[in-house]
Amino acid sequence: MSYLVIKCGGSIVDQLPESFFQDLVNLQETKKIKPIIVHGGGPMITSQLKLMNVKTTFVNGLRVTTKEVLDVVEMVLSGSVNKKIVRRMIDQDAKAIGMSGIDGQLLEATPIQDVAKYGFVGQIKKVNLELIDSLLDQDYIPVISPIAIGQDHQHYNINADVAASAIASSLQAPLCFISDIPGVLVNDEVLHYADQVKIEQLIEDQTINGGMIPKVQAALDALTAGASEVSIVNGMDEHALFDFIQGEKIGTRIQLKEISYA
Ligand SMILES: Nc1ncnc2c1ncn2[C@@H]1O[C@H](COP(=O)(O)OP(=O)(O)O)[C@@H](O)[C@H]1O
Ligand SMILES: CC(=O)N[C@@H](CCC(=O)OP(=O)(O)O)C(=O)O
């Protein structure tokens, strides 16, 4: 049985079909995979900040995180979004356990370089694999919000794609990004395979932009650091997860090695 890290984007969390959670539970019960869920919630954080009249900005796809913003990020991610996902899993009789990267010091971070620009945004230095393994061994499915803790116990906001990438590479596991698009789009068509050179070219010509930039960069980082495979798939597709496990041609599979696009 192998690990599978599944990252659910904030863009899709509220729309995930029941079949997504059923497949997850079925795949775990048949001992095919040991799932670990990492979730985002960017749009929900932005809405909450708006309600509170707090201005929010992004630099290179990362939210500039002041102390005031960090409090809201934690409240939304580790509070409402995390528990919403846990509840949907429990509705399918899953043994789901919600936690943030703070709990059990699951995710240890240091500040990102250029603190002046980003504030309390972190980079992950260590993943507490013992804790993940002990939960999986008891058949729990961890549902993780991307907040991390520093050695000085400061909390940090981590982009959810980056957190999922760090966990997948620490476990040398496959990583599946579940998002609201069918994959990386080029002229409205899904690019089924993309290598590093292609991705860099698509970022350069701005075909890849916005939230897709940290996602593809996190995909390449995960592969470089030992994740076994990475794909971006559409959570709205019935049985997207099942198809991914079966190796079906869905979404965009990211590879490090060069592909001939001829
Ligand atoms: N080339 C591209 N192909 C697909 N989506 C793209 C592309 N460039 C930018 N995007 C944007 O990236 C978004 C996905 O990133 P994001 O909103 O951060 O997703 P998530 O919430 O799943 O992390 C898409 O909804 C789309 O608006
Ligand atoms: C540093 C940083 O940008 N953190 C993200 C964390 C949430 C996230 O990544 O959510 P999605 O997966 O929905 O984009 C943020 O504050 O929006």
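Right above here is the structure, for reference.
Described in the following lines is the structure provided in the data block. Everything quoted here is computed from the prediction, not taken from an experiment.

**So, the site of ligand 1**
Here comes step 1: Contacts to ligand 1 come from 17 residues, most closely from K7, S179, L185, T207 and K215.
Here comes step 2: Within the backbone of T207, a nitrogen or oxygen atom sits 2.8 Å from a nitrogen atom of ligand 1.
Here comes step 3: Here ligand 1 has 570 Å² of accessible area as a free molecule, and 77% of this is covered by the chains.
Here comes step 4: If you list the elements that add at least two residues to the shell around ligand 1, you get β11 (175-179) and α8 (212-224).
Here comes step 5: Partitioning the shell around ligand 1 into residue classes produces six nonpolar, eight polar and three charged.

**A short note on the pattern of salt bridges**
Here comes step 1: Per the counting criterion, the structure on display carries nine salt bridges.
Here comes step 2: The partner of K7 in a salt bridge is D161, with the nearest N and O atoms 2.8 Å apart. Of the two residues, K7 sits in strand β1 (residues 2-8) while D161 sits in helix α6 (residues 160-171), which places them 154 residues apart along the sequence.
Here comes step 3: The class for K7 is buried, based on a relative accessible area of 5%.
Here comes step 4: The buried category is assigned to D161, whose relative accessible area is 4%.
Here comes step 5: The closest approach of N and O atoms between R253 and E229, which form a salt bridge, is 2.1 Å.

**Digging into the site of ligand 2**
Here comes step 1: Near ligand 2 lie 15 residues; those nearest to it are K7, G10, R63, N157 and A160.
Here comes step 2: Separating an oxygen atom of ligand 2 from a backbone N or O atom of G10 is a distance of 2.8 Å.
Here comes step 3: Expressed as a share of its isolated accessible area of 430 Å², the protein-covered part of ligand 2 is 91%.
Here comes step 4: Mapped by element, the contributors of at least two residues to the shell around ligand 2 are α2 (42-51) and β4 (62-63).
Here comes step 5: A per-element tally of the shell around ligand 2 places α2 first, with three residues.

**As for a nonpolar patch on the surface**
Here comes step 1: On the surface, L51, M52 and M75 cluster together into a nonpolar patch covering about 320 Å² of accessible area.
Here comes step 2: Within the secondary structure layout, M75 lies in helix α3 (residues 67-90).
Here comes step 3: Note on M75: relative accessible area 43%, which makes it partly exposed.

**Considering the packing of α6 against α8**
Here comes step 1: For the pair α6 and α8, interaxial distance at closest approach is 9 Å and the crossing angle is 10°. Considering the angle they form, α6 stands roughly parallel to α8. In this structure, α6 crosses over α8, and the sense of that crossing is right-handed. Where α6 approaches α8, its residues D161, V162, S165 and S169 are matched on the opposing element by P214, K215, A218, D221 and A222.
Here comes step 2: Considering only residue class, the contact of α6 with α8 consists of four nonpolar, two polar and three charged.

Calculation rules
Residues numbered from 1 in each chain as written. Chains lettered and ligands numbered in written order. Predicted model: local features only at pLDDT ≥ 70, side-chain atom pairs only at ≥ 80, totals over all residues. Heavy atoms only, no water. Near = heavy atom within 4 Å. Polar contact = N/O pair within 3.5 Å; in protein donor to acceptor, adjacent residues only side chain to side chain. Areas by Shrake-Rupley, 256 points an atom, 1.4 Å probe, with all protein chains shown as cover. Helix = DSSP H or I, 4+ residues; strand = E, 2+ residues; numbered from the N terminus. Nonpolar A, V, L, I, M, F, W, Y, C, P; charged D, E, K, R; others polar. Salt bridge = Lys/Arg side-chain N within 4 Å of Asp/Glu carboxyl O. Buried < 20%, exposed > 50% of the residue type's maximum accessible area, 1.4 Å probe, protein only. Patch = residues over 30% accessible without salt bridge, like charges linked within 9 Å, V, L, I, M, F, W, Y side chains within 5 Å. Axes fitted to C-alpha atoms, helices over the stretch in contact; angles between N-to-C directions. Parallel < 35°, antiparallel > 145°, perpendicular 65-115°, else oblique. Left-handed = near helix turned anticlockwise from the far one by under 90°. Contact = heavy atoms within 4.5 Å.

Note that all results are geometric; they support no functional claim without further evidence.
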